[in-house]
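Commentary on secondary and tertiary structure
What follows is the residue order along each chain.
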Amino acid sequence: MLFKPWQLAAVISSAAIATSASSPIEQDFAPEDIISRDVCILGGGGSGTYAAIRLKDSNHSVVVVERNDYLGGHAETFYLDDEKQFINYGVEGVFNDDLSKEYLERLGVSWDSLALSTLIDKYVDFNTGKEVLPPSDLLTTVVGAALYRLAIQKYTTLDQGVYNLPDPVPEELLEPFSKFVEEHALQGVLRLVLMFAQNVGNILDAPLLYIIQNFGVPHINALLEGGYITPKNGIAELYDSAAKVLGNDVLFQTTAIETNRSDSGVSILVENHADGSRKLIKAKKLLITFPPLLESLKGFDLDTKETGLFEKWNWMSYHVAIVNNTGIPSGITVGNADPNNGPASLPHTPFQWELEYLGVPGYLASKIIANSSVTGDDAKNLVISDIKRMGAVGTFDVPADGPNIVQFGSHSPETLIVSTDNIRNGFYKNLYSLQGRHSTFYTGLTFCTDYSSVLWAYTNTVIEKMFS
Ligand SMILES: Cc1cc2nc3c(=O)[nH]c(=O)nc-3n(C[C@H](O)[C@H](O)[C@H](O)COP(=O)(O)OP(=O)(O)OC[C@H]3O[C@@H](n4cnc5c(N)ncnc54)[C@H](O)[C@@H]3O)c2cc1C
Ligand SMILES: *[C@@H]1O[C@H](CO)[C@@H](O)[C@H](O)[C@H]1NC(C)=O
Ligand SMILES: *[C@@H]1O[C@H](CO)[C@@H](O)[C@H](O)[C@H]1NC(C)=O
Ligand SMILES: *[C@@H]1O[C@H](CO)[C@@H](O)[C@H](O)[C@H]1NC(C)=O
Ligand SMILES: *[C@@H]1O[C@H](CO)[C@@H](O)[C@H](O)[C@H]1NC(C)=O
């Protein structure tokens, strides 16, 4: 058979994309329901959206498979009726660094600087509802952060937010953070650590490694040096803009239900859970961006190495709420402090970190952290009962019909961790060795510190590996 040059090009490019000669499953799909791309990205949150834009801008074709009906994942904005006021009740801002600014510029989003408010106006013991004294030995943010940076800076391999651990793993990283706090007299820094690492839960009990991963050198440098920025019209603006750029390359309300992966490419069956329709994706590479828990990977052709790693995760539940009708005077932030719990009166799980004033009078935002068995309803009940208790003991004049939960969201699973034995036995080294196997790559908060700017930088390194 003879091909004209232009026909030849067409044959070559379709051969390059088809991963195996027309597999039986393709016959079940109309041509328009078979999507051929360079990269299929599972999850269109912080890192998946970034990867999609970057890949598209370097002329790779992509498709994003997102479970929700919006992009952004942990980034959510509540717009009040006037559309002028808003509350970012998930992600509030990103680091003021070159990479982040370039990305926002690429998406045509202008920004303001974001002053991270470390100010707590009142401390209340949420267990009793009563106001308590501020923890006594609090250091200022600048002094505290500098002291803490000095204590952790010897772990230079963790500076990129990646679990790049020395071999063998230093025992100190596996010991409870409480020990490190005592040795380095960091009691006065604990409320600051909680602000960044509250998703860890009981921070004093957690291994030092997970504290540094959530509040390490990149975070301190952003706090003390570069600062933070946030889109002028809410964090959702960033993701709405990305959604426009990506257009039909995003499949919303869709998840992967079956995969076949090999070194030459991947074949992914996806289902829209709104209308039940199915499509077949054929891609050269797969990028998984959500936490790879076994229950999130049903129908995937996992091998024993993958299963052996993914079955080891523990995680925290993490919910967010916006409340009003609380009776708490407008404009104040109420911190949760348990005077019975050691230095800094840290709250114990399950807890609301604080009722945080984010600039819209009458509304407070809350983050609820608990172990993985705590549900959304449990978290809602905690919010309501904590505030009602403050009313019952007269701390605030909580209306009889209050408070109201105006917005609520689940960010579970959060804070993916494994046991210290697993860390000691090379869990993270084995985890990263999965990158590229079966044409499958990973990014997201499981693989790198849970902060957008650092995740974007890590995602760049993963993309580089994909086509090297
Ligand atoms: C309440 C809160 C506040 C935060 N504030 C900040 C902040 O101010 N600054 C900051 O830098 N970081 C903040 N973070 C951290 C934030 O998680 C990261 O910045 C970043 O957004 C994480 O990106 P990701 O891609 O790993 O996860 P996500 O953004 O969660 O993205 C994962 C995506 O995958 C989707 N998904 C899940 N399962 C499936 C499935 N089976 N199929 C298809 N799609 C699926 C999800 O819907 C989601 O869109 C905050 C986190 C939380 C929870
Ligand atoms: C992508 O393709 C366009 C149009 O062919 C070209 O102008 C651009 O330089 C390419 N970009 C990259 C990063 O290769
Ligand atoms: C995966 O391969 C099996 C066995 O060949 C086949 O039955 C199935 O349809 C394939 N699924 C996808 C999504 O390619
Ligand atoms: C609470 O917020 C909702 C949504 O913005 C609003 O409709 C309601 O009037 C508010 N209630 C109070 C008491 O402010
Ligand atoms: C999880 O937290 C709930 C609520 O505090 C508690 O009842 C339960 O025992 C905890 N589960 C585990 C496994 O710790």
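The rules we used
- Residues numbered from 1 in each chain as written.
- Chains lettered and ligands numbered in written order.
- Predicted model: local features only at pLDDT ≥ 70, side-chain atom pairs only at ≥ 80, totals over all residues.
- Heavy atoms only, no water.
- Helix = DSSP H or I, 4+ residues; strand = E, 2+ residues; numbered from the N terminus.
- Rg over C-alpha atoms; globule rule 2.2 N^0.38 Å.
- Buried < 20%, exposed > 50% of the residue type's maximum accessible area, 1.4 Å probe, protein only.
- Core = buried A, V, L, I, M, F, W, Y, C linked by side-chain atoms within 4.5 Å.
- Contact = heavy atoms within 4.5 Å.
- Phe/Tyr/Trp six-rings, centres within 6.5 Å; stacked < 30°, edge-to-face > 60°.
- Lys NZ or Arg CZ within 6 Å of the ring centre and 35° of its normal.
- Near = heavy atom within 4 Å.
- Polar contact = N/O pair within 3.5 Å; in protein donor to acceptor, adjacent residues only side chain to side chain.
- Areas by Shrake-Rupley, 256 points an atom, 1.4 Å probe, with all protein chains shown as cover.
- Nonpolar A, V, L, I, M, F, W, Y, C, P; charged D, E, K, R; others polar.
- Domains from an automatic or database assignment.
- Pairing = 2+ DSSP bridges.
- Right-handed = clockwise from strand over helix to strand, strands pointing away.
- UniProt positions renumbered as here; feature names shortened; annotations may be inferred.

The name that an unreviewed UniProt entry assigns to the chain is Amine oxidase domain-containing protein, with the source organism given as Talaromyces proteolyticus.

The subject of this paragraph is the overall build of the chain. Tallying secondary structure elements over the chain gives 15 helices and 20 strands in all. The C-alpha radius of gyration of the chain comes to 24 Å, within 12% of the 23 Å expected for a compact globule of 468 residues. With respect to the principal axes defined by its C-alpha atoms, the chain has extents near 85 × 55 × 40 Å. A total of 468 residues make up the chain; the buried ones form 51% of that total.

For the rest of this paragraph, the subject is the nonpolar core. A general trend in soluble globular proteins is that nonpolar side chains are found buried together. Formed by 120 residues in total, the largest nonpolar core has its most connected members in Tyr 148, Phe 177, Ile 281 and Tyr 428. Among residues more than four places away in sequence, those in contact with Ile 281 are Ile 35, Cys 40, Val 63, Val 65, Leu 251, Val 266, Ser 267, Ile 268 and Val 270. Of all hydrophobic cores here, the second largest spans 17 residues; its members include Leu 355, Leu 382, Ile 387 and Phe 396.

A word on the packing of aromatic side chains. Summed over the entire model, instances satisfying the criterion amount to 19 aromatic pairs. Taking the centre distance of 5.9 Å and the plane angle of 70° together, the rings of Tyr 432 and Phe 447 count as edge-to-face. Of the two residues, Tyr 432 sits in helix H14 (residues 427-432) while Phe 447 sits in the loop between strand S20 (440-442) and helix H15 (452-466), which places them 15 residues apart along the sequence. Of the two residues, Tyr 432 and Phe 447, neither departs from the other in class, the shared state being buried. An aromatic cluster is present here, built from Phe 95, Tyr 148, Phe 196, Phe 215, Tyr 228 and Tyr 451 joined pairwise through their rings. Sitting over the face of the ring of Phe 408, Lys 380 holds its NZ or CZ atom 4.9 Å from the ring centroid.

Moving on to the site of ligand 3. Close to ligand 3 lie Ile 25, Glu 258, Asn 260, Ser 267, Leu 269 and Leu 280, which account for all nearby residues. Between Ser 267 and ligand 3, the recorded distance is 2.5 Å, taken from a side-chain N or O atom to an oxygen atom. Contact with the protein chains removes 55% of the 360 Å² of surface that ligand 3 exposes when unbound. Within the residue set of the shell around ligand 3, elements represented by two or more residues are strand S11 (254-262) and strand S12 (265-272). Of the residues contributing to the shell around ligand 3, the split by class is 3 nonpolar, 2 polar and 1 charged.

What follows covers the site of ligand 1. Around ligand 1, a shell composed of 30 residues is seen, among which Ser 47, Glu 66, Gly 93, Asp 450 and Ser 452 lie nearest. Residue Ser 452 places a side-chain N or O atom 2.7 Å away from an oxygen atom belonging to ligand 1. Burial of ligand 1 by the protein amounts to 92% of the accessible area it has alone, namely 980 Å². Mapped onto the shell around ligand 1, the elements with two or more residues apiece are helix H2 (46-57), S11, strand S14 (314-324) and H15. Residues that form the shell around ligand 1 fall into these classes: 8 nonpolar, 16 polar and 6 charged. Residue-level mapping places the shell around ligand 1 at the junction of two domains, with at least three residues from each of domain 1 (5-73 + 234-312 + 430-466) and domain 2 (77-118 + 314-414).

Residues Val 62 and Val 64 line one face of strand S2 (residues 62-65) and the alternating positions Val 63 and Val 65 line the opposite face, and both faces are buried. With 4 bridges joining them, strand S1 (residues 34-42) and S2 adopt parallel strand pairing. The residue bridging Ile 41 from the neighbouring strand is Val 64, located in S2. Traced from S1 through H2 to S2, the parallel crossover comes out right-handed. Alignment of S2 against strand S10 (residues 250-251), held across 2 bridges, turns out to be parallel. Among the inter-strand pairings, Val 65 is bridged to a residue of S10, identified as Leu 251.

Taken together, the 3 strands give an open sheet; going across it, the order is S5-S9-S6, and neighbouring strands pair in antiparallel fashion. This sheet does not close on itself; its edge strands, each paired only once, are strand S5 (94-95) and strand S6 (111-114). Across 2 bridges, the pairing between S5 and strand S9 (residues 228-231) is antiparallel. From the neighbouring strand, Phe 95 faces S9, where its bridge partner is Tyr 228.

Those places that UniProt annotates as "domain: Amine oxidase" (unreviewed entry) correspond, in this numbering, to residues 50-292. For residues 50-292, helix accounts for 32% and strand for 23%, while the C-alpha atoms at its two ends are 19 Å apart.

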